[in-house]
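Structural overview
Listed below are the residues making up each chain.
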Amino acid sequence: MTKTYRRKLDMKHGRVDLTHGSGGRAMADLIAGIFRDAFANEFLDQGNDQANLPVPAGRRMVMTTDAYVVSPLFFPGGDIGSLAVHGTVNDLAMGGATPLYLSASFIIEEGFPFADLKRIADSMGATSREAGVPVVTGDTKVVERGKADGVFISTTGIGALPDGLALSGDRAEPGDVVVLSGSIGDHGVAIMSRRENLTFETAILSDSAALHGLVAAMLAAAGPHLKLMRDPTRGGLAATLNELAHQSGVGFRIDEATIPVKPQVAAACELLGLDPLFVANEGKLVAVVAPAGAAALLTAMRAHPLGREAAIIGSAVACEHRFVQMTTAFGGGRIVDWLSGEQLPRIC
Amino acid sequence: MKYVDEYRDGALARQIAATIAAVAHPDRTYAFMEFCGGHTHAISRYGIEDLLPANLRLIHGPGCPVCVLPTGRIDDAIRLVQRPGVTLCTYGDLMRVPGSKGASLLKAKAAGADIRMIYSSLDAVAIAEAEPARDVVFFAIGFETTTPPTAVAIRQAVSKGLTNFSVFCNHVLTPVAMRAILETPVAPNEPPIAIDGFVGPAHVSTIIGMEPYREFAETYRKPVVIAGFEPLDVMQAILMLVRQINDQRAEVENQYIRAVTAAGNVTAQKLCDEIFEIRENFEWRGLGVVPASALRLRDAYAAFDAERRFSVATIHADDNPACECGAILRGQKKPAECKLFGTVCTPETPTGACMVSSEGACAAHWTYGRFREHQTKAAVQMAS
Amino acid sequence: MCLAIPALVTEILPDQKARISLDGVMMTISVMLVEDLVPGDYVIVHVGHALARIDPKEAAITLALLQEAGILNAPPEPASLQEARA
């Protein structure tokens, strides 16, 4: 049988145009030339609009969906493709699930260079292989110039939950211990350093990472005592703690001195007038654990490469206002509230 | 960070707090206004008020250029950027300040206006140079700290021969505002302003020096202590103010000696003097129309003055009648005493600028101080 | 007043600009407002401009005064320090 002829894409100078989204030969060329090799796996290679997947018997299924619209598309420590894998895998892992499969839908702006698209697809493929979670099905659409910021990626993730695990954001109780897996603010600062009109240079890399390995170690060490996990992405640690406070109907008492912040992240935040508490992270998690399991949990986290700087940062308390109270490193007190809108650099 | 971390030492803070408590006379109260919004923010962020004795109160002053910008000027900026070909460059602080009828620069941007957030005034000049087809307007705000950077930008635009760069100038003056606060007539239904002394602004003072504050010490008999930006600086300055009050002195003292000299930054003063002159009048949110309180570009620089270039005619816009920003900016009322606080007016849906700006008294109270009435000092001791 | 932070001058550039470093975060700023800066100086940086040079001697005096203030019922500052500040 002869192999179907595929016109090779001009990777150097070629750009996506509206024909690549119309379902015809051009789109097939795009998929073959860029996505097929980037993601190569047995499910995708079947070439159907749906993936036929084995699911572990007797386990509960966990599903999540996400969209990635980050700008710039390429930033220190990652790109929209690697971010999409990490973020989706993490959403599954925060529930304690073993991530199994991903889907990826690309909305591409007319005029987007093939070279950039390939770079993103290759990165996403490599990241998914490294995480052990294949992209089993996908979709491609092309929209007119100006209707997408280069490319948007929408994902779904499917995982399987071990028996008896019931992590949930409403399970924190007064007395529970709050553990943070590492330094905050890295991702947001890395992104900002590539934005126009904010011309500072820093060696800070995004902390974007898949956390399911760390989570597996945490479950093994303190499974029965673990109440919930959440990754502090948009809105930062402040948003996550406030969400959890309201979901669980508790307050939190946090000690600023225990929260790890890299010196360069602290410095960049000082320069721009930002507070690291509100800056996004993409490779960190917050865990709430019953006191009996705290020590074992911390030890297990610190033994893992993604949890070396893990720290106990406070505890849940009874609080009718659901306040997140923080003792500042200075010794005074303050409330850590949700951020209103996006944090903007300030002059005052 | 050098010259920063050592002035944030919590252990030393608690010791100084003990000294302040020991030195403050128990049979009187002390009320000090920290003029500068940056100090308001630092006081809130570090929880400094938790460390002060109960008879010592800090009053948050109007030294927040975002907070005192009247609604009408935001409306002007929005109208400017809606003209064809205009690019408005602004600091991030102004994006969410409410204009009339709930408008804001952020909303105007969402509706398609070419508004660009910048970090430095020189970024606006760079944009003008890179995009000669655009009419670039720089929305300049700030007290004397931020005025020299605008002057540098204008100087740069001149030397590059730019014809598409102009400044919408809203720079305001600190000592004039301080005087206006002390001179505010007390209405029958309002409490009098009881200010015993001022924590003087840190970075305004690096520019203007110590001399401009002399009138407050000599004429008004109010001590002024210029304080650095870090929490230990603020506490040291408070201690110095308490000592002055106890000694019945009224002097201008400088705690921020590492950055503020008596003469200030003469280079910056000369540059500003060359480019700007004092307006006869300028409206402030909260203080009304204050004579000789703000700057505009001199005639020689008319080509760079957005108000002349675009014939800007500011229309006064009334604030929500229930909004107490005015009384709060004058230190007469506390945020919690405003009927709109926490209900209609929140950081998500701000009515007045005191809530929008992160250093406004209302935003600071919302974020840091809302629960303080429920807390006792014991809570701080428990945590330490 | 207004957000400003001390940073280290690492290099003087043409056109009255300089490179500064704040704990490894690098920026190029204008130094038109502060004359005679050299690498090694610390400056107060506000919106991309140097506003003032930090005086290391005065900084040390401030730290000493702070330490002194931490002693309960500390006596008023000694005359020698007052003179040094004048």
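Residues numbered from 1 in each chain as written. Chains lettered and ligands numbered in written order. Predicted model: local features only at pLDDT ≥ 70, side-chain atom pairs only at ≥ 80, totals over all residues.

**Describing the overall build of chain C**
- Looking only at helices and strands, one finds two helices and five strands in chain C.
- Going from N to C terminus, chain C has its helices and strands arranged as β-β-β-β-β-α-α.
- Across the 86 residues in chain C, those meeting the buried criterion constitute 43%.
- Taking all contacts inside chain C whose residues are at least 6 apart in sequence as the whole, residues at least 24 apart take part in 29%. (Helix = DSSP H or I, 4+ residues; strand = E, 2+ residues; numbered from the N terminus. Buried ≥ 20, exposed ≤ 12 C-beta atoms within 10 Å, placed from the backbone. Contact = placed C-beta atoms within 7 Å.)

**Section: the overall build of chain B**
- In terms of helices and strands, chain B carries 16 helices and 13 strands.
- Against the globule reference of 21 Å for 384 residues, chain B gives a C-alpha radius of gyration of 21 Å, in line with a compact fold.
- Referenced to the eigenvectors of the C-alpha coordinate spread, the extents of chain B come out at roughly 65 × 45 × 45 Å.
- Counting contacts in chain B only where the partners sit at least 6 residues apart, residues at least 24 apart contribute 77% of the total. (Rg over C-alpha atoms; globule rule 2.2 N^0.38 Å.)

**Quick word on the interface of chain A and chain C**
- Listed by partner, the interface residues are 15 residues for chain A and ten residues for chain C.
- Elements supplying a minimum of two residues to the side of chain A that touches chain C: β8 (200-201) and α8 (263-272) of chain A.
- For the side of chain A that touches chain C, the residue count by class is eight nonpolar, four polar and three charged.
- With two bridges joining them, β8(A) and strand β3 (residues 25-30) of chain C adopt antiparallel strand pairing. Bridging across to β3(C), A:F200 finds its partner in C:M27. (Nonpolar A, V, L, I, M, F, W, Y, C, P; charged D, E, K, R; others polar. Pairing = 2+ DSSP bridges.)

**A few points about helix α6 (residues 212-222) of chain A**
- Taken together, the buried positions of α6(A) are A:H212, A:L214, A:V215, A:M218, A:L219, A:A221 and A:A222.
- Looking at the buried residues of α6(A), the elements they touch are α3 (80-94), β4 (98-109), β9 (226-230), β11 (286-289) and α9 (291-302) of chain A.

**Considering the nonpolar core**
- Within the largest apolar cluster, 272 residues are counted, with the highest numbers of intra-cluster contacts made by A:V151, A:V179, A:M218 and A:L297.
- A per-element tally of this core places helix α10 (residues 231-247) of chain B first, with ten residues. (Core = buried A, V, L, I, M, F, W, Y, C linked by C-beta atoms within 7 Å.)

**Examining the interface of chain C and chain B**
- Of the residues lining the interface, 35 residues belong to chain C; the matching set on chain B comes to 42 residues.
- At the level of secondary structure, the elements contributing two or more residues to the side of chain C that touches chain B comprise β1 (5-13), β4 (42-46), β5 (49-53) and α1 (56-69) of chain C.
- Sorting elements by how many residues they give to the side of chain C that touches chain B places α1(C) first, with eight residues.
- In the side of chain C that touches chain B, the residues fall into 23 nonpolar, seven polar and five charged.

**Structural notes on the sheet that holds strand β9 (residues 252-254) of chain B**
All names here are of chain B.
- Strand order in the open sheet formed by five strands is β2-β1-β7-β8-β9, and the pairing between neighbours is parallel. Among the strands making up the open sheet, the edge pair consists of β2 (56-63) and β9. With strand direction ignored, the average angle separating the axes of adjacent strands in the sheet is 25°.
- With three bridges joining them, strand β1 (residues 30-36) and strand β7 (residues 197-200) adopt parallel strand pairing. Opposite M33, over in β7, you have F198 as the bridge partner.
- Where helix α7 (residues 174-183) meets the sheet, it contacts β1, β2 and β7, and its direction lies at approximately 125° from that of β2.
- α10 rests against β1, β7, β8 (224-226) and β9 of the sheet, and its axis sits at about 155° to β7. (Axes fitted to C-alpha atoms, helices over the stretch in contact; angles between N-to-C directions.)

**Comments concerning the environment of A:P99**
Residues and elements named next belong to chain A.
- Along the chain, the position of P99 falls in strand β4.
- For the pair P99 and G150, spaced 51 residues apart in the sequence, the C-alpha separation amounts to 28 Å.
- With sequence-adjacent residues up to four places away left out, P99 is seen in contact with V89, L92, A93, V133, G157, G159 and H212.

**What about the sheet that holds strand β12 (residues 311-317) of chain A?**
Residue and element names in this part refer to chain A.
- With respect to topology, seven strands assemble into an open sheet ordered β9-β11-β7-β12-β10-β13-β14, the strand pairing being mixed. The open sheet has two edge strands with one neighbour each: β9 and β14 (333-335). On average, each strand axis in the sheet is tilted by 25° relative to the strand beside it, whichever way the strands run.
- Taken together, the four bridges between strand β7 (residues 177-180) and β11 define a ladder with antiparallel strand orientation. Across the sheet, L180 pairs through a bridge with V286, a residue of β11.
- Across the sheet, α6 lies against β9 and β11, angled at about 165° from β9, the strand it touches most.

**Some details on α3(A)**
All names here are of chain A.
- If you check α3, its first and last C-alpha atoms are 21 Å apart, about what 15 residues at 1.5 Å a residue would give, namely 21 Å.
- Counting buried positions along α3 yields 15 of 15 residues, so the element is predominantly enclosed.
- One or two positions beyond α3, positive phi appears at G96, with a value near 90°. (Expected span 1.5 Å × (residues − 1).)

**Brief notes about the packing of α10(B) against α1(C)**
- Look at α10(B) against α1(C): their axes get within 11 Å of each other, and the N-to-C directions meet at 65°. Our pair here, α10(B) against α1(C), has a crossing hand that is left-handed. Of the residues in α1(C), those touching α10(B) at B:L232, B:Q236 and B:L239 are C:L65, C:L66 and C:A69.
- Grouping the amino acids of the contact of α10(B) with α1(C) by side-chain chemistry returns five nonpolar, one polar and no charged. (Left-handed = near helix turned anticlockwise from the far one by under 90°.)

**Here we look at the pairing of β2(B)**
Residue and element names in this part refer to chain B.
- Most of β2 sits out of view: six of its eight residues are buried.
- Sheet topology note: the β1/β2 ladder contains six bridges and is parallel. What sits directly across from E34, in β2, is H60.
- As a crossover connection, the stretch from β1 through helix α2 (residues 37-46) into β2 is right-handed. (Right-handed = clockwise from strand over helix to strand, strands pointing away.)

**Things to note about the pairing of strand β13 (residues 324-327) of chain A**
All names here are of chain A.
- Neither face of β13 is open: one carries V324 and M326, the other Q325 and T327, and all of them are buried.
- In this structure, strand β10 (residues 251-255) lies alongside β13, joined through four bridges in parallel fashion. Pairing of R253 across the sheet is with Q325, part of β13.
- Two elements, β13 and β14, share three bridges in a ladder whose sense is antiparallel. Residue pairing across strands places T327 opposite G333, the latter belonging to β14.
- Linking β13 to β14, which pair antiparallel, is a turn of five residues; within it G331 sits at a positive phi near 110°.

**Points about the packing of α6(A) against α9(A)**
Residue and element names in this part refer to chain A.
- Contact pair α6 / α9: the axes reach a minimum separation of 8 Å and the direction vectors enclose 150°. The handedness of the crossing between α6 and α9 comes out as right-handed. Contacts from L214, A217, M218, A220, A221 and A222 of α6 reach α9 at G293, A296, L297, T299, A300 and M301.
- Partitioning the contact of α6 with α9 into residue classes produces ten nonpolar, two polar and no charged.

**Overview of the environment of B:Y256**
Residue and element names in this part refer to chain B.
- Residue position: Y256 is located in the loop between β9 and α11 (266-275).
- Here Y256 falls in the buried class, since 26 other C-beta atoms lie within 10 Å of it.
- Sequence separation of Y256 and R8 is 248 residues, and the distance between their C-alpha atoms is 14 Å.
- Contact partners of Y256, with chain neighbours within four places excluded, come to A202, S205, I226, A227, G228 and D233.

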